[in-house]
Amino acid sequence: MTVESTAARKPRRSSKRTSAVKTTAKTSAKTPQSSEPELVQLLTPEGERVEHPDYSIDLTADELRGLYRDMVLTRRFDAEATALQRQGELGLWASLLGQEAAQIGSGRALRDDDYVFPTYREHGVAWCRGVDPTNLLGMFRGVNHGGWDPNSNNFHLYTIVIGSQTLHATGYAMGVAKDGADSAVIAYFGDGASSQGDVAEAFTFSAVYNAPVVFFCQNNQWAISEPTEKQTRVPLYQRAQGFGFPGVRVDGNDVLACLAVTRSALERARRGEGPTLVEAFTYRMGAHTTSDDPTKYRADEERASWEAKDPILRLRAYLEKEGAADEAFFTALDEESEALGKRVREAVRAMPDPDPIAIFDHAYADGNPLVDEERAQFAAYQASFADSAEESK
Amino acid sequence: MAMEKMSIAKALNESLRKALDTDPKVLIMGEDVGKLGGVFRITDGLQKDFGEDRVIDTPLAESGIVGTAIGLALRGYRPVVEIQFDGFVFPAYDQIVTQLAKMHARALGKIKLPVVVRIPYGGGIGAVEHHSESPEALFAHVAGLKVVSPSNANDAYWMMQQAVQSDDPIIFFEPKRRYWDKGEVETDSIPGPLHKASVARTGTDLTLVAYGPMVKVCLEAAAAAEEEGKSIEVLDLRSMSPIDFDAIQTSVEKTGRLVVVHEAPVFYGSGAEIAARITERCFYHLEAPVLRVGGYHAPYPPARLEDEYLPGLDRVLDAVDRSLAY
């Protein structure tokens, strides 16, 4: 039995919350080989609010609705992008379906002056940073390799090579500390990336230099077709202890817990107490990317069991129970979702191919005579076609 | 004019000192660069004078060194990182090639990556495996990187200044067997741009092109050839990416013959690139095919055999003779 299927069949019940939900640094090594995930949880899959001794949160109805709206719109954007890929408008898409709580919870914990280093799936975090979602689609449409200014929203470019960005985040955080600023940095990565040497080196550097960085691992149980057990023999959050900083496992489908735990880790970083590893225990409900076929490697029952823990349904149940949102709110949000989908669809279809000469743009900041020479040759070659077209008229 | 005689090692040290002194955003990072001053003492005394916050001893993790330097550069710093030896750069090769080289372009020019990666390279010091290699072509092949190597103290001093000031990532290959060679450094006379080649010796019969450690060998070969009545021009390339083809073309149009010399394996090496481009540019000026002298398509040999592997005076002169025989 795999770790993830165990987790799937034994959803944590609220009645266990005070006795078993211990995930702070001092208790993290208690059960090193346990297959039962210890999760910080504040909202059960049924939408019941529970307390945790180390992570409390008190949100207004407005804030709760805000988190719900973020998750719904992110999911709608993601669904639109998937559809656009199927229609041939995008070459590829990496869906975040199922990971909305992990991304919105952690993303909403950030301050404007914090800096984010994402993988290629952090569409929800980008949303929280105020990055226009259509900006994320350029690389998937094939018109650029990123294209946005990372400094305009403190949201770095997507990183395709897994784990690389954890070192960039660490270096950036070292710079933040040198500047005497109290910003924090967050690096996103997945369970597969946790096997990369760069992630281990990032843990080492961040611990040695006490860098204000939060490592936010979304353990979505699958690295393309490889389950987490092919990446690690111990729960991922426990890795942190060996590097000398705390690790916490949070219910990644619980937006409140993700917000509370990330906020706590960021505050710790701001206080100059160094890095934290947060493992958001979640599930990638869709394929790894639109090129992937999860039916070849995982059972339908597994997905079904995680659907019962859907982060959006869970918060909706809570909002309804608490009377924090009425029908008008949900109806308005549905309309907003459709409007977003339409805007994204139209923006992608209107996205022009870049001018071919752009191949040579920005290869170097200070210029390069070789690039200049090849650009001139390319331009002349292109122009030769234009000339022959003129002549044939 | 302030003239000072110093070794290449000292020139690099003085240059790094000046860079740290001039710009508070400049950082030195690497294994053993602090108290020890680096295994070649290039950073000797810098931590003492600028502090552990500016001259940073790092964990022994090359990918980590370059990867965190990228992050520091994104935060506005100008890191100069030391890779202890040529053969140790490969754990960092991923960060250099997939991240450092491409990030500026991926951001459509919105961010800059002013990182200098210093690599003591090349053979001739009797070292063990992975301490004598010349991997410059592997970096020169990658768009987004600039690759340079000084051959003398004055260039070492100034090219390092220029590399630190560049907004592009620079792979700075230091010819380790020349570290202790002394030369005049003009400390207040700024030379030409980083990518310009220089004529190390003028001649009319044949052009030798070299860089880094092989410039000295080529100058010795030219001196020896002169005794046989041959006039050899020696061009110090200084930059392997970009390459100053204009300077090579000018020389070859004068001499009609070209031999490229480097320590790296000839196969797919920088000599191949130079031969191809110069053949395109100077086909009607060439009196002989462009010849190459360099290492073999074999792992760098054990130290007792490195004199056979490395191009020496005789192999360079043999190539000169072959070219002139056409």
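What counts, and where the lines are drawn
Residues numbered from 1 in each chain as written. Chains lettered and ligands numbered in written order. Predicted model: local features only at pLDDT ≥ 70, side-chain atom pairs only at ≥ 80, totals over all residues. Heavy atoms only, no water. Helix = DSSP H or I, 4+ residues; strand = E, 2+ residues; numbered from the N terminus. Buried < 20%, exposed > 50% of the residue type's maximum accessible area, 1.4 Å probe, protein only. Contact = heavy atoms within 4.5 Å. Pairing = 2+ DSSP bridges. Axes fitted to C-alpha atoms, helices over the stretch in contact; angles between N-to-C directions. 1 Å grid on protein atoms, 1.4 Å probe; cavity = no way out; pocket = protein on both sides within 12 Å on 5 of 7 lines; lining within 4 Å. Points joined across faces, edges and corners; volume = space filled by probe spheres on them. Nonpolar A, V, L, I, M, F, W, Y, C, P; charged D, E, K, R; others polar. Phe/Tyr/Trp six-rings, centres within 6.5 Å; stacked < 30°, edge-to-face > 60°. Lys NZ or Arg CZ within 6 Å of the ring centre and 35° of its normal. Parallel < 35°, antiparallel > 145°, perpendicular 65-115°, else oblique. Left-handed = near helix turned anticlockwise from the far one by under 90°. Expected span 1.5 Å × (residues − 1). Arc of directions from axis to C-beta. Salt bridge = Lys/Arg side-chain N within 4 Å of Asp/Glu carboxyl O.

S.K.: So what about the overall build of chain A? Which residues, and what values?
M.R.: What chain A contains, in helices and strands, is 15 helices and seven strands. The buried share of chain A, taken over its 393 residues, is 56%. A sequence separation of at least 24 residues applies to 75% of the contacts in chain A between residues at least 6 apart.

S.K.: So what's going on with the sheet that holds strand β1 (residues 115–117) of chain A? Residues and values would help.
M.R.: Residue and element names in this part refer to chain A. Pairing is parallel across the open sheet formed by five strands, whose spatial order is β1-β2-β3-β7-β6. Each of the sheet's edge strands pairs with one partner strand only, and the pair in question is β1 and β6 (247–251). Neighbouring strand axes in the sheet, compared pairwise and without regard to direction, differ in orientation by 20° on average. Across five bridges, β6 lies against strand β7 (residues 276–281) in parallel orientation.

S.K.: Just give me the short version of empty space enclosed by the protein, but keep the residues and values in it.
M.R.: All names here are of chain A. Throughout the structure, instances matching the rule amount to four cavities of 30 Å³ or more. Taken together, Phe 189, Ser 194, Phe 203, Cys 217, Leu 236, Arg 239 and Leu 277 make up the lining of the second largest cavity. Taken together, the residues of the lining of the second largest cavity break down into five nonpolar, one polar and one charged.

S.K.: So what about the pairing of strand β5 (residues 116–121) of chain B? Which residues, and what values?
M.R.: Residues and elements named next belong to chain B. Judged by how many residues are buried, β5 sits mostly within the fold: six of six residues are covered. Direction of pairing for β5 relative to strand β7 (residues 170–175): parallel, over a ladder of six bridges. By the bridge assignment, Tyr 121 is partnered in β7 with Pro 175.

S.K.: Just give me the short version of the packing of aromatic side chains, but keep the residues and values in it.
M.R.: Under the definition given, this model contains 39 aromatic pairs over all chains. Arranged with centres 5.5 Å apart and planes meeting at 85°, the rings of Phe 203 of chain A and Phe 245 of chain A form a pair that is edge-to-face. Taken as a pair, Phe 203 of chain A in helix α9 (residues 197–208) and Phe 245 of chain A in the loop between α10 (239–243) and β6 lie far apart in primary sequence, 42 residues in all. Ring geometry for Phe 283 of chain B and Tyr 284 of chain B: centres 5.4 Å apart, planes at 85°, overall edge-to-face. Through successive ring pairs, a cluster of aromatic residues spans Phe 77, Trp 93, Phe 140, Trp 148, Phe 155 and Tyr 158 of chain A. Above the plane of the ring of Trp 306 of chain A lies Lys 309 of chain A, whose end atom (NZ or CZ) is 3.8 Å from the centre. Above the face of the Phe 330 of chain A ring, Arg 316 of chain A is positioned so that its terminal group lies 3.7 Å from the ring centre.

S.K.: Explain the packing of helix α8 (residues 214–227) of chain B against helix α12 (residues 313–324) of chain B to me, using residue names and the numbers behind them.
M.R.: Residues and elements named next belong to chain B. Running from N to C, α8 and α12 point in directions that differ by 60°, and their axes come no closer than 9 Å. Compared by their axis directions, α8 and α12 come out oblique. As for the relative orientation of α8 and α12, their crossing is right-handed in sense. Each of Val 217, Glu 220, Ala 221, Ala 224 and Ala 225 in α8 lies in contact with α12, whose residues at this interface are Leu 313, Val 316 and Leu 317. Taken together, the residues of the contact of α8 with α12 break down into seven nonpolar, no polar and one charged.

S.K.: Could you give an account of α12 of chain B, naming the residues involved and the relevant values?
M.R.: Residues and elements named next belong to chain B. Spanning 12 residues, α12 covers 16 Å between terminal C-alpha atoms, matching the ideal 16 Å at 1.5 Å per step. Within α12, burial applies to Val 316, Leu 317, Ala 319, Val 320 and Ser 323. Projected down its long axis, α12 carries its buried residues within an arc of 155°, all on one side.

S.K.: If you had to explain the pattern of salt bridges to someone new, which residues and values would you point to?
M.R.: Overall, the coordinates contain 48 salt bridges over all chains when judged by the stated rule. For Glu 374 of chain A, the salt bridge identified is with Arg 277 of chain B, shortest N-O distance 3.5 Å. Taken together, the residues span two chains, with Glu 374 of chain A in helix α15 (residues 369–392) and Arg 277 of chain B in helix α10 (residues 270–282). You can call Arg 277 of chain B buried: its relative accessible area is 17%.

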